[in-house]
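Structure assessment
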Amino acid sequence: MSAPIRIRPISAEAFAPFGDLIATDGSPDVMINQGLCGRYHDRARFEFGAGRAGLSLFDAVPRDLPYRLDLVERHPLGSQAFIPMTFQPFLVIVAPDADGVPGRPLAFRTGAGQAINFHRGTWHGVLTPLQAPGLFAVVDRIGEGTNLEEHWFDESYVIVA
């Protein structure tokens, strides 16, 4: 087994090579609805190629730490956003591409109320809530073609706090 991977807090800068951190940092870009609603505008780069955007609801079983990582996946035809429907943080695992296979993974913990969007082709772990309920809205590509590649590691990684 390889050396443990330590979870780090997520930031827009650290996550940028893999996708977008979707958050309400700073002041809203514009106030709407008679000044009663702040719009944080255009916070993610969605990509759908020849497909269309789809909105699904996922109900994922929470995972415990340490977490054994033996599988990552990617979506070559479109981006995928995980938007929690609670204020619980969740675990985000990504890996750089190394000539068509995932390199050494990185692990992030979101803050309460933060969401993420994986860019097209980004190797990532499965949806991994750390607390119940694991209810998420997921925006991803709907359309023809194979939009899922899985990679099973020869040796598992262990993700630790």
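Everything in this summary refers to the structure shown in the same document. Keep in mind it's a predicted model, so treat the numbers as computed, not measured.

It is worth spelling out the overall build of the protein chain at this point. In terms of helices and strands, the protein chain carries 1 helix and 16 strands. In terms of C-alpha radius of gyration, the protein chain reaches 16 Å, essentially the compact-globule figure of 15 Å for 161 residues. With respect to the three principal axes, the spread of C-alpha positions in the protein chain is 55 × 35 × 30 Å. Sorting the 161 residues of the protein chain into buried and exposed places 42% on the buried side. Across the protein chain, every contact between residues at least 6 apart in sequence was considered, and the portion connecting residues at least 24 apart equals 82%. Summed over all atoms, the accessible surface of the protein chain reaches about 8700 Å², with 53% contributed by carbon and sulfur. Side-chain charges in the protein chain split into 13 positive and 18 negative, and the spacing between the mean points of these groups amounts to 3 Å.

Turning next to the side chain of E73. Secondary-structure assignment places E73 in strand 6 (residues 67–74). Within the structure, the side chain of E73 is placed 3.4 Å from the side chain of H75, a separation counted as a polar contact. Once residues within four sequence positions are removed from consideration, E73 is found in contact with Q80, T122, W123, H124, V126, L148, E149 and E150.

Before going further, it helps to examine the pattern of salt bridges. Oppositely charged side chains can form a pair if their charged atoms are brought close together. Scanning the entire structure with this criterion turns up 5 salt bridges. The partner of D29 in a salt bridge is R43, with the nearest N and O atoms 3.2 Å apart. Of this pair, D29 sits in the loop between strand 2 (19–22) and strand 3 (30–32) while R43 sits in the loop between strand 4 (37–39) and strand 5 (52–59), and the two are 14 residues apart along the sequence. Among the residues examined, D29 registers a relative accessible area of 47% and is labelled partly exposed. Ionic pairing is found between E47 and R45, a salt bridge with its closest N-O pair at 3.8 Å. Since its relative accessible area comes to 45%, R45 is described here as partly exposed.

The next thing to look at is the side chain of E47. Here E47 lies in the loop between strand 4 and strand 5. Assessed through its relative accessible area of 17%, E47 is described here as buried. A polar contact of 3.0 Å, which involves the side chain of E47, links it to the backbone nitrogen of R120. If we skip the residues at most four places from it in the chain, E47 touches L77, G78, S79, H119 and R120.

On to the packing of aromatic side chains, then. For the structure on display, the rule yields 7 aromatic pairs. Seen from their ring centres, F82 and F118 are 5.4 Å apart, and the 90° between their planes marks the pair as edge-to-face. Taken together, the residues span a long stretch of sequence, with F82 in strand 7 (residues 80–84) and F118 in strand 12 (residues 115–118) at a distance of 36 residues. Across this residue pair, the class does not change: F82 and F118 are buried.

Both trends apply: most residues other than glycine have a negative phi, and most peptide bonds are in trans. A cis amide bond, omega -5°, links L65 with the succeeding residue P66. Mapped onto the secondary structure, P66 falls in the loop between strand 5 and strand 6. Put simply, A132 and P133 share a cis peptide bond, and its omega is -5°. The topology assignment puts P133 in the loop between strand 14 (128–129) and strand 15 (135–142). Here Q34, not a glycine, exhibits a phi torsion of approximately 60°, which is positive. Checked against the element boundaries, Q34 lands in the loop between strand 3 and strand 4. Of the residues examined, Q34 reaches a relative accessible area of 81% and is grouped as exposed. Positive phi is not limited to glycine here, since D99 has a value of about 55°. Examined against the element boundaries, D99 turns out to sit in the loop between strand 9 (97–98) and strand 10 (101–102). According to the relative accessible area criterion, D99 is exposed, its value standing at 81%.

Cut-off values and rules
- Residues numbered from 1 in each chain as written.
- Predicted model: local features only at pLDDT ≥ 70, side-chain atom pairs only at ≥ 80, totals over all residues.
- Heavy atoms only, no water.
- Helix = DSSP H or I, 4+ residues; strand = E, 2+ residues; numbered from the N terminus.
- Rg over C-alpha atoms; globule rule 2.2 N^0.38 Å.
- Buried < 20%, exposed > 50% of the residue type's maximum accessible area, 1.4 Å probe, protein only.
- Contact = heavy atoms within 4.5 Å.
- Areas by Shrake-Rupley, 256 points an atom, 1.4 Å probe, with all protein chains shown as cover.
- Lys, Arg positive; Asp, Glu negative; His and termini not counted.
- Charge placed at Lys NZ, Arg CZ, Asp CG, Glu CD.
- Polar contact = N/O pair within 3.5 Å; in protein donor to acceptor, adjacent residues only side chain to side chain.
- Salt bridge = Lys/Arg side-chain N within 4 Å of Asp/Glu carboxyl O.
- Phe/Tyr/Trp six-rings, centres within 6.5 Å; stacked < 30°, edge-to-face > 60°.

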